[in-house]
Every structure is written in C-alpha cells, then in structure tokens.
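A structural walkthrough
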Amino acid sequence: QVQLRESGGGLVQAGGSLRLSCAASRGTFSAHNMGWFRQAPEKERRFVAAITWNGGSTLYADSVKGRFTISRDNAKNTVYLQMDSLKPEDTAVYYCAVDPLYYINILRVDQFGSWGQGTQVTVSS
C-alpha cells in the first residue's frame, strides 16, 4: 500500500511559482496513476491534475491548465506539481493521491484516494 507525503507548499505572491513534491513509500509507485487535488477553506476538495503510471498522459482542471505541470520520477518514487503564474484563487491545501489500480491508462479522477496530509499553498495579491 502506497503511503504519500506532500511538501513544497508555502507563501508566494501572485504571479510567482512553487513546486510541490509528493514522495511515496511502500507499494509499487511506478505502477500507479497519481494525482493532485486541492481544498480551499469552506470548499470541497477538487481535482487539479493527474498523470498516468508511465507519465504518458496528463489531465488538468480547466482552472490550472497552462499554468500547472504535473510530472513524475519513478526512480525517485516522487510526483511533482510545478505551479506557475499563481493566482490568489489557487490558495488551498494541496493533496497527493493515487489510483489504486495498476497500469491503467485512463485517469479515473473519481477513484483517486489514499491522500497524504497535504501542504498549504497561499498566494497573496
């Protein structure tokens, strides 16, 4: 079973950049699709980005498309979220998640789970 730990959040001004990391331990990281979700205060957790097990396909929420880039390094058991041109509305706790199935070539956003503890991203205007 994969265990996830997010890092890299912080405070940044609008227009700035951050790179989030999600380190996985246990399980077979390279076989799983991975994703990022976020939850703003008093809002539900929402999908941000996802990537297939081999990095061959990605999917982004419309709100971040063109600004965020998800990537992974299977040798390091780590998935990243590069966030550029940050906006105040990006402020949220960001969570890493995993699709429990192996080697699936579809990004099943509704099936991701096993959340990490999250990392806070705050974008000031």
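What counts, and where the lines are drawn
- Residues numbered from 1 in each chain as written.
- Predicted model: local features only at pLDDT ≥ 70, side-chain atom pairs only at ≥ 80, totals over all residues.
- Heavy atoms only, no water.
- Pairing = 2+ DSSP bridges.
- Helix = DSSP H or I, 4+ residues; strand = E, 2+ residues; numbered from the N terminus.
- Axes fitted to C-alpha atoms, helices over the stretch in contact; angles between N-to-C directions.
- Buried < 20%, exposed > 50% of the residue type's maximum accessible area, 1.4 Å probe, protein only.
- Salt bridge = Lys/Arg side-chain N within 4 Å of Asp/Glu carboxyl O.

One open sheet holds the four strands; their spatial order is β1-β3-β8-β7, and the pairing between them is antiparallel. What marks the edges here is a single partner per strand, and that holds for β1 (3-7) and β7 (68-73). Going from strand to strand, the sheet's axes swing by 15° on average, the running direction of each strand aside. With five bridges joining them, β1 and strand β3 (residues 18-25) adopt antiparallel strand pairing. Paired with Arg5 across the bridge in β3 is Ala23.

With respect to the helices, strands and loops of the structure, Gly56 is situated in the loop between β5 (46-51) and β6 (58-60). Taking relative accessible area as the criterion, Gly56 reaches 58% and is therefore assigned exposed. Considered as a pair, Gly56 and Ser71 are 15 residues apart in the sequence and their alpha carbons are 9.8 Å apart.

Hydrogen bonding along the main chain pairs the strands of a sheet, whether they run parallel or antiparallel. Spatial ordering of the open sheet is given by β2-β10-β9-β4-β5-β6, a layout of six strands whose pairing is mixed. The sheet terminates laterally at β2 (10-13) and β6, the two strands that pair on one side only. Along the sheet, successive strands turn relative to each other by an average axial angle of 25°, direction set aside. Where β2 lies against strand β10 (residues 119-124), four bridges are found, and the strand directions are parallel. If you follow Val12 over to β10, its bridge partner there is Val123.

Once that is clear, we can look at the pattern of salt bridges. Across all of its chains, the model carries three salt bridges by this definition. Taking the shortest distance from any N to any O, the salt bridge between Arg38 and Asp90 comes out at 2.9 Å. Of this pair, Arg38 sits in strand β4 (residues 32-39) while Asp90 is found in the loop between β8 (78-83) and β9 (92-102), placing the two residues 52 residues apart along the sequence. Each member of the pair, Arg38 as well as Asp90, carries the same accessibility label: buried. Across the pair Arg67 and Asp90 runs a salt bridge whose closest N-O atoms are separated by 2.7 Å. Of this pair, Arg67 sits in the loop between β6 and β7 while Asp90 sits in the loop between β8 and β9, and the two are 23 residues apart along the sequence. The structure contains a network of salt bridges with shared partners spanning Arg38, Arg67 and Asp90.

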